[in-house]
Amino acid sequence: SFSLAAAGQISFRASDSYENLIEGGTAHTMVVDAGHEHLVTRLPRGYSATVANETQSVVFKENTGTIAITMRVTTNSPGVMPDEDTLRSFALAANPGAAVLQVSGCATGYKPARFVDTARSLDPARNIRTRHAFVACPEGMVEFMFSAKDQDFDKGRVVFNLFLSSFRVEIIKEQVKPPQ
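What you are looking at is a predicted structure, and each value in this text was computed from that prediction instead of being measured.

**Section: the overall build of the protein chain**
- From N to C terminus, the protein chain includes two helices and 12 strands.
- On C-alpha atoms alone, the protein chain measures out to a radius of gyration of 17 Å, which is about the 16 Å that the 2.2 N^0.38 rule sets for 180 residues.
- When its C-alpha atoms are laid out on the principal axes, the protein chain stretches across 70 × 40 × 25 Å.
- In the protein chain, buried positions account for 38% of the 180 residues.
- If you sum the accessible surface of the protein chain, you get close to 9700 Å²; carbon and sulfur atoms cover 53% of it.

**A look at the nonpolar core**
- Within the largest apolar cluster, 32 residues are counted, with the highest numbers of intra-cluster contacts made by V32, L39, F60, I69, M71, F144 and F167.
- Those elements that provide at least two residues to this core are β2 (12-20), β3 (26-34), β6 (57-62), β7 (68-73), β9 (113-123), β10 (126-137), β11 (140-149) and α2 (150-165).
- The next biggest cluster of nonpolar side chains, apart from the first, holds six residues, and it includes L87, V103, V116 and F134.

**Observations concerning the pairing of β6**
- Here strand β5 (residues 47-52) runs beside β6; their pairing, made up of six bridges, is antiparallel. Residue pairing across strands places Y47 opposite E62, the latter belonging to β6.
- Linking β5 to β6, which pair antiparallel, is a turn of four residues; within it Q56 sits at a positive phi near 50°.
- Taken together, the five bridges between β6 and β7 define a ladder with antiparallel strand orientation.

**Observations regarding the layout of surface pockets**
- Estimates place the volume of the largest pocket at around 380 Å³.
- As for the largest pocket, its lining consists of 15 residues, of which A27, R42, L43, P44 and R45 are closest to the centre.
- Counting only elements with at least two residues in the lining of the largest pocket, the list comes to β3 and α2.
- A class-by-class count of the residues in the lining of the largest pocket yields eight nonpolar, five polar and two charged.

**Thoughts on the pairing of β3**
- In terms of burial, β3 is a largely internal element, seven of the nine residues being buried.
- Sheet analysis places β2 next to β3, joined by nine bridges and oriented antiparallel. What sits directly across from F12, in β3, is A34.
- Turn length for the β2-β3 hairpin, with the two strands adjacent in sequence and antiparallel, is five residues, and the turn residue G24 shows positive phi of about 100°.

**Quick look at unusual backbone geometry**
- One non-glycine residue, Q56, adopts positive backbone phi at about 50°.
- By the element assignment, Q56 lies in the loop between β5 and β6.
- On the basis of relative accessible area, Q56 is assigned to the buried category, the value being 3%.
- Of note in this structure, S77 is not a glycine but carries a positive phi near 50°.
- Examined against the element boundaries, S77 turns out to sit in the loop between β7 and α1 (84-94).
- Classification of S77 as partly exposed rests on a relative accessible area of 27%.

Quick notes on the rules
The residue numbers shown here count from 1 along each chain, following its written sequence. Local features in this predicted model are restricted to residues of pLDDT 70 or higher, and side-chain atom pairs are both shown and tallied only at a pLDDT of 80 or more, whereas totals for entire chains, interfaces and linings draw on every residue. Water and hydrogen atoms play no part in the side-chain values, which are based on all heavy atoms of the structure. Strands are runs of DSSP state E lasting at least two residues, helices are runs of H or I lasting at least four, and both sets are numbered from the N terminus onward. Two things to know: the radius of gyration comes from C-alpha atoms, and the globule rule equals 2.2 Å times the number of residues to the power 0.38. For the exposure calls, accessible area comes from a 1.4 Å probe over protein chains only, and a residue counts as buried if that area is under 20% of its type's maximum, exposed if over 50%, partly exposed in between. Each accessible area is a Shrake-Rupley estimate made with a 1.4 Å probe; only the visible protein chains count as cover when residues are assessed. Buried Ala, Val, Leu, Ile, Met, Phe, Trp, Tyr and Cys residues form a nonpolar core when they are joined through side-chain atoms within 4.5 Å. The criterion for strand pairing is that DSSP finds at least two bridges linking the strands in question. In this analysis the probe radius is 1.4 Å and the grid spacing 1 Å, with only protein atoms considered; a cavity is a set of points the probe fits into but cannot get out of, a pocket is an open set with protein on both sides within 12 Å along at least five of seven lines, and lining residues have an atom within 4 Å of a point. Grid points are joined across faces, edges and corners, and a volume is the space filled by probe spheres set on the points. Throughout this entry, Asp, Glu, Lys and Arg are counted as charged residues, while Ala, Val, Leu, Ile, Met, Phe, Trp, Tyr, Cys and Pro are counted as nonpolar. The remaining residues, Gly among them, count as polar.

Set out below in structure tokens:
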């Protein structure tokens, strides 16, 4: 799947791939070429991926449907991690009616990220918790988000952290053709 860049967007193309593991076997990966960045992350076992070119995102869903992780490429804040208040406002804009529980740091396979946890009440008996992680990349931020019911959040958080630890960024070098 391929999408041309619109205003405020960079080129975006996502595809499935496989990598050989040092310990043997292969890992299913999603490769996203966004602008001059080559973004790679492993699909957790038991997850499938759906590419949404219009929002420059990939949604990874657990086969049971209880947990979904979204990876979105943005042109926000290229090369710089925004301050905590800005990250809070991004997370709250994505989760109207939610309250911020905490803001902290987390690891990725690329460089440290920041995350914002929010909670939103659907009704007196049901709450949705969301972790919104932000990774500063040269051309903009990559945002990762997962939401789950209270009782599924801790299980999902473990998968989300493993997912982030597999995320890496490589810069695509321009191919310069030698003069003829």
